[in-house]
Amino acid sequence: MSDVVLVTGGAIGIGRATAMAFAAQGDRVVLTDVLETEGRAAVAEIEAAGGNAEFQHLDVTDTAQANAVVADVEARLGSVDVIVANAGIAHRIPLDELTDEKWDHTFDIDLKGMLRVIRPAAPGMKARGKGSVICMSSIMGVAYGWDEHVHYSAAKSGVVGLVRGLAVELARSGIRVNGVAPGYIRTAQLLSEEHSLGPAGAETVGDIVPLGRIGQPDDIADVVVFLASNGARYLTGQVIAVDGGLLVGRY
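It should be emphasised that the depicted structure is a prediction, and the values quoted were computed from it without experimental measurement.

Criteria and cut-off values
- Residues numbered from 1 in each chain as written.
- Predicted model: local features only at pLDDT ≥ 70, side-chain atom pairs only at ≥ 80, totals over all residues.
- Heavy atoms only, no water.
- Salt bridge = Lys/Arg side-chain N within 4 Å of Asp/Glu carboxyl O.
- Helix = DSSP H or I, 4+ residues; strand = E, 2+ residues; numbered from the N terminus.
- Buried < 20%, exposed > 50% of the residue type's maximum accessible area, 1.4 Å probe, protein only.
- Expected span 1.5 Å × (residues − 1).
- Contact = heavy atoms within 4.5 Å.
- Pairing = 2+ DSSP bridges.
- Axes fitted to C-alpha atoms, helices over the stretch in contact; angles between N-to-C directions.
- Arc of directions from axis to C-beta.
- Right-handed = clockwise from strand over helix to strand, strands pointing away.

Engineer: Which parts of the structure should I look at to understand the pattern of salt bridges?
Structural biologist: All chains considered together, the criterion is met by 10 salt bridges. A salt bridge links aspartate 81 to lysine 130; its shortest N-O distance comes to 3.2 Å. On the criterion of sequence distance, the pair formed by aspartate 81 in the loop between helix H3 (63-77) and strand S4 (82-85) and lysine 130 in the loop between helix H5 (112-128) and strand S5 (131-136) is long-range, its members being 49 residues apart. Residue class for aspartate 81 comes out buried when judged on its relative accessible area of 8%. Taking the relative accessible area as the measure of exposure, lysine 130 reaches 39% and is therefore partly exposed. Salt bridges linked by common partners bring Arg28, Glu54, Asp72 and Arg76 together as one network.

Shown next, in the form of structure tokens:
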């Protein structure tokens, strides 16, 4: 039986690959993002491959909009069975330039943005006695610090607390909550010279990964799909590092 899967930040990168993976196994995907052109292009690609998807514009900093999107999906499609809370930003900002506003902006998207989508969907999941939520953290939130990204590391650490707290609160209602902490993944974010490693760094960083390469978005997407599946039915409250062995291999 297919699920209705809501993906935030689904237009590019890991979110896009995740939407594709769910659609490929027959699920109905609601792909949300602020990137309209890229989001609609992703939906068109899913549909061209025979999948079932739609695009909805969603700014996860807008509580009213998040409530409205969830309500609309439930009214038209009958349920929200899986949430992939993936929308996020990672802007390089040195501490002496890290204003309250810049700090709050990252937290508003990367952490509170998850709550805004999960909160309105939880009552429906409780009523049906089932649901799966997967939140995107980072190795920079579970193990490493990242210089000039302290706000990002702090927010992604907060995702771990969000996962654990929600997992305990929602477990008796049949709702599982887990997270994924990606390592170095070839995305637009990673390839940004301004905010991350850039193309040159991406070419060499794979050398320090035990599996010998940086990850691809679908390496993460496949784990997300597993976490939503019946195969992970006794797994909740966990944040799984998917990093090619990076965390255990650094010594």
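Engineer: Could you clarify how one ought to interpret unusual backbone geometry in this entry?
Structural biologist: Excluding glycine, residues mostly have negative phi values, and the peptide bonds linking residues are mostly trans. Backbone geometry places glutamate 148, a non-glycine residue, at a positive phi of 65°. With respect to the helices, strands and loops of the structure, glutamate 148 is situated in the loop between helix H6 (139-142) and helix H7 (150-170). Overall, glutamate 148 belongs to the partly exposed group, its relative accessible area being 35%.

Engineer: What exactly am I supposed to notice about helix H9 (residues 217-228) here?
Structural biologist: For an α-helix, 3.6 residues make a turn, and residues three or four places apart therefore share a direction. With 12 residues, H9 should reach 16 Å at 1.5 Å per residue; the first-to-last C-alpha distance of 17 Å fits that figure. Regarding H9, the residues found buried are Pro217, Ile220, Ala221, Val223, Val224, Val225, Leu227 and Ala228. For H9, the secondary structure elements touched by its buried residues are helix H1 (13-24), S4, S5, strand S6 (175-182) and strand S7 (239-242).

Engineer: Just checking my understanding: could you explain the sheet that holds S5 for this structure?
Structural biologist: By definition, the strands of a sheet pair up through backbone hydrogen bonds, in either a parallel or an antiparallel sense. Sheet architecture is open: 7 strands sit in the order S3-S2-S1-S4-S5-S6-S7, paired in parallel fashion. Two strands in the sheet have a free side with no partner beyond their single neighbour: strand S3 (52-57) and S7. With direction set aside, neighbouring strand axes in the sheet form an average angle of 20°. Looking at chain direction, strand S1 (residues 4-7) and S4 are connected through 3 bridges and run parallel.

Engineer: Would you mind going over helix H2 (residues 36-48) with me for this structure?
Structural biologist: Under the 1.5 Å per step criterion, the end-to-end length of H2 is 18 Å for 13 residues, consistent within 8% with the ideal 18 Å. Three or more residues of H2 are buried, namely Gly39, Ala42, Val43 and Ile46. Buried residues along H2 cover an arc of 100° about the axis, so they all sit on one side. Turned more than 90 degrees away from the buried face of H2 sit Thr37 and Ala48, all of them exposed.

Engineer: Just to check I follow, could you spell out the pairing of S1 for this structure?
Structural biologist: For a regular strand, the rule is simple: side chains alternate between the two faces of the sheet. Covered by surrounding structure in S1 are Val4 and Leu6 together with Val5 and Val7, the residues of both alternating faces. Sheet topology places S1 next to strand S2 (residues 28-33); 4 bridges connect them, and they run parallel. Opposite valine 7, over in S2, you have leucine 31 as the bridge partner. Taken together, S1, H1 and S2 form a β-α-β motif whose crossover is right-handed.

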